[in-house]
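The primary structure of each chain is shown beneath.
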Amino acid sequence: MIGLISATAAGAAARDRLAAAWPDRTRVYEGPVGEAVRAAFAECEQLVCFLATGAVVRLLAPLLGDKTADPGVVCVDEGGRFAVSLVGGHGGGANELAREVGALLGAEPVVTTATDSVGLPGLDTLGLPYEGAVAQISRALLDGEPVALEAELPWPLPPLPTAPQGAYTIRLTDRDVAPGEREVLLRPPSLVVGVGASKGAPAEEILGLIEESLAQAGLSPKSVAELATVDAKAEEEGIVAAAGRLGVPLVTYGAGELAAVAVPNPSAAPLAAVGTPSVAEAAALLRGGELLVPKRKSAMATCAVVRRPGRGRLAVVGLGPGARDLLTPRAAAELRRASVLVGLDQYVDQIRDLLRPGTRVLESGLGAEEERARTAVAQARKGHAVALIGSGDAGVYAMASPALAEASDDIDVVGVPGVTAALAAGAILGAPLGHDHVSISLSDLHTPWEVIERRVRAAAEADLVVTFYNPRSRGRDWQLPKALGILAGHREPGTPVGVVRNASRPDESSRVTTLAALDPATVDMMTVVTVGNTATRIIAGRMVTPRGYRWQEGDQ
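Residues numbered from 1 in each chain as written. Predicted model: local features only at pLDDT ≥ 70, side-chain atom pairs only at ≥ 80, totals over all residues. Heavy atoms only, no water.

Enquirer: Describe in detail the packing of helix α1 (residues 9-21) against helix α4 (residues 94-105), supporting the description with residues and values.
Expert: Direction vectors running N to C along α1 and α4 enclose 105°, while the axes themselves pass 11 Å from each other. Between α1 and α4, the interaxial angle falls into the category roughly perpendicular. From α1, A14, R17, L18 and A21 reach across to α4, where they touch V101, L104 and L105. Of the residues contributing to the contact of α1 with α4, the split by class is six nonpolar, no polar and one charged. (Axes fitted to C-alpha atoms, helices over the stretch in contact; angles between N-to-C directions. Helix = DSSP H or I, 4+ residues; strand = E, 2+ residues; numbered from the N terminus. Parallel < 35°, antiparallel > 145°, perpendicular 65-115°, else oblique. Contact = heavy atoms within 4.5 Å. Nonpolar A, V, L, I, M, F, W, Y, C, P; charged D, E, K, R; others polar.)

Enquirer: Hey, could you go over the sheet that holds strand β14 (residues 290-297) for me, with residue numbers and the actual values?
Expert: Sheet architecture is open: five strands sit in the order β13-β12-β11-β15-β14, paired in mixed fashion. The open sheet terminates on both sides in strands that have one partner only, identified here as β13 (250-253) and β14. Direction aside, the axes of adjacent strands within the sheet are offset by 25° on average. In this structure, strand β11 (residues 191-197) lies alongside strand β15 (residues 301-307), joined through seven bridges in antiparallel fashion. Within the sheet, the bridge partner assigned to A197 lies in β15 and is A301. The strands that helix α7 (residues 203-217) touches are β11, β12 (224-230), β14 and β15; relative to β15, the one it contacts most, it runs at about 40°. Against the sheet, helix α8 (residues 237-246) contacts β11, β12 and β13, and its axis sits at roughly 175° relative to β12. (Pairing = 2+ DSSP bridges.)

Enquirer: For the pattern of salt bridges, give the residues involved together with the corresponding values.
Expert: By the definition in use, this model includes 28 salt bridges. The partner of R15 in a salt bridge is D16, with the nearest N and O atoms 3.0 Å apart. The class for R15 is buried, based on a relative accessible area of 7%. By relative accessible area, which is 39% here, D16 ends up partly exposed. Members of the salt-bridge network, linked through shared partners, are E152, R171, R175 and E183. (Salt bridge = Lys/Arg side-chain N within 4 Å of Asp/Glu carboxyl O. Buried < 20%, exposed > 50% of the residue type's maximum accessible area, 1.4 Å probe, protein only.)

Enquirer: Which residues make up helix α17 (residues 449-461), and what are the values?
Expert: Taking 1.5 Å of rise per residue, 13 residues should cover 18 Å, and α17 covers 18 Å from first to last C-alpha, within 8% of that figure. For α17, every residue scored as buried is listed here: W449, V451, I452, E453, V456, A459 and A460. Of the residues one or two after α17, D463 is the one with positive phi, at around 60°. (Expected span 1.5 Å × (residues − 1).)

Enquirer: Please give an account of the packing of aromatic side chains that cites residues and values.
Expert: According to the stated counting rule, one finds two aromatic pairs in the structure shown. Between the aromatic rings of Y397 and Y469, the centroid separation amounts to 4.8 Å while the plane-to-plane angle is 55°, which identifies the pairing as tilted. Placement of the pair is Y397 in the loop between β19 (385-390) and α15 (400-406) and Y469 in strand β23 (residues 465-469), with a sequence separation of 72 residues. Given the relative accessible area of 45%, Y397 is considered partly exposed. We classify Y469 as buried; its relative accessible area is 10%. Ring plane angle 70° and centroid distance 5.0 Å describe the contact between W449 and W478, whose orientation is recorded as edge-to-face. Pair noted here: W449 is in helix α17 and W478 is in the loop between β23 and α18 (479-488), with a separation of 29 residues, a long-range link. Overall, the relative accessible area of 10% leaves W449 in the buried class. Looking at W478, the relative accessible area reads 42%, which means it is partly exposed. Here the guanidinium or amino end of R25 rests over the ring plane of W22, the centre of that ring lying 4.2 Å away. (Phe/Tyr/Trp six-rings, centres within 6.5 Å; stacked < 30°, edge-to-face > 60°. Lys NZ or Arg CZ within 6 Å of the ring centre and 35° of its normal.)

Enquirer: Any chance you could break down the pairing of β13 for me, citing the residues and the numbers?
Expert: Where β12 and β13 come together, four bridges link them in parallel fashion. For T229, the partnering residue across the bridge sits in β13 and is T252.

Enquirer: Could you give an account of the pairing of strand β3 (residues 46-50), naming the residues involved and the relevant values?
Expert: Of all five residues in β3, five are buried; the element is thus mostly enclosed. Both faces of β3 are covered, namely the face carrying Q46, V48 and F50 and the face carrying L47 and C49. Pairing between β3 and strand β4 (residues 72-76): four bridges, direction parallel. The residue of β4 that forms the bridge with Q46 is G72. For the crossover that starts at β3, traverses helix α3 (residues 53-60) and ends in the parallel β4, the hand is right-handed. (Right-handed = clockwise from strand over helix to strand, strands pointing away.)

Enquirer: Explain the environment of V512 to me, using residue names and the numbers behind them.
Expert: Inspection of the secondary structure assignment puts V512 in strand β25 (residues 509-514). Under the relative-accessibility criterion, V512 is labelled partly exposed at 29%.

Enquirer: Lay out the sheet that holds strand β22 (residues 437-441) with the relevant residues and their values.
Expert: What the five strands build is an open sheet, ordered β22-β23-β26-β24-β25; its pairing is mixed. With partners counted over all chains shown, the strands left at the sheet margins are β22 and β25, one partner each. On average, each strand axis in the sheet is inclined to that of its neighbour by 20°, with strand direction left out of account. Pairing between strand β24 (residues 496-501) and β25: six bridges, direction antiparallel. Looking at β25, one finds that G498 is bridged to V512. Here helix α16 (residues 421-429) sits on the sheet in contact with β22, β23, β24, β25 and β26 (527-531), set at roughly 115° to β24.

Spatial relationships are all this shows, so hold off on functional conclusions.
Rendered as structure tokens:
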């Protein structure tokens, strides 16, 4: 819960805007400011104070204890100009809260945490349990000192400016080891514990068996991702309580699924009781991995431990048509998250400044789409967090389809939509896409012209608004006239046509003409051409396609 505190009418107005936007996340604290801050500090995970930072510092000073446990606090000034992350930037989530509040209220987020200020991900913000000299190694990263990354298993980490060797070390491990003096341990959620239990087995026995098994195998409890068991034990109190104490989810599977898993130690007892010859081993192994601890038993429980490999992550990111303000926040976040970026060199140049230090960039020139797709998938299979970029929307004449043709279910794939060239051009032209419409690429490099022509003819006969991508190049100068000729067989010469070059970029140009007047020689590969349907009109210089055909009926 986020506590909201204000002292003036101006502050209360901004406070109420936040409360209205986040009704389920916020609680307004009325009354004297000092009492309100003290109550919110004790009851909430985060605070937003619409007060001067000096006043909030004085009120908070006697309340502060440990930065890992204190709430995150954001201050918003009376004028609503700034949202300042004051306390708990990382541990309390105040940095991200300042950005959220700023976006909602139109205020500038102010984040002074050293790593955030220079674009480095904080080691305590990676979402992984950690131990060791976090402050010391963060300082070394900021100072440019060599810090080695020792990943004992592949895991999709965000970019870190590490070196092959160094006086400091970040170690990614699920082994139960203590950090060295100049070392941070990151604990990936790589371990799955399969459990079985007799009815009424106490949580203490189940938990004790798990902890003993992990300790004897030299594995860290902090890397346990989940407990797994059979559906019949989904509500077994001891298993449910053990998962709760470990702070991990309980995942269950049907007996039939478990019975199909090959295990080293099947048994007749669980087969008779719940319909599968193995519960602990089969539940741990069902989604793959290496069996580190075969079935172990106590009086009323069994457990087994499997290490699942880290799944690489491939984000296919659409950058939009070119303007920075048409790059979506989600796309920008994926670019910061990726440790490997794959893309066309000219697209990489557009967003290079958004990448975090340590991001590995794999760029290539025109005509290497399939190779870029293969490279991105291969990097994800190595366990990296990868962003594969394309212009517009990555799923529209771009990188998503070749990448997904290469990918299989051994990696996680995320699609990040972008503003397409057709949409950007449509907004510039007016509202040409107000009714049914279609996009057709006139490039016959990947599609036979006979297929393209058949699609253009179908669009013409169906009276669809058509946006032509890749309309004309020096080596392909006849396709656009041919396509326009097909449309002209079904539409009047005065049908509106919009031509937009470099939509949303500094050298953007656009014009509205007609089907008869368009000169194909004025069009190139940086242009999209939108041809209206029989209902499209030019109104005040803009193309407008109505949502219905009643305008057309009224004009006759």
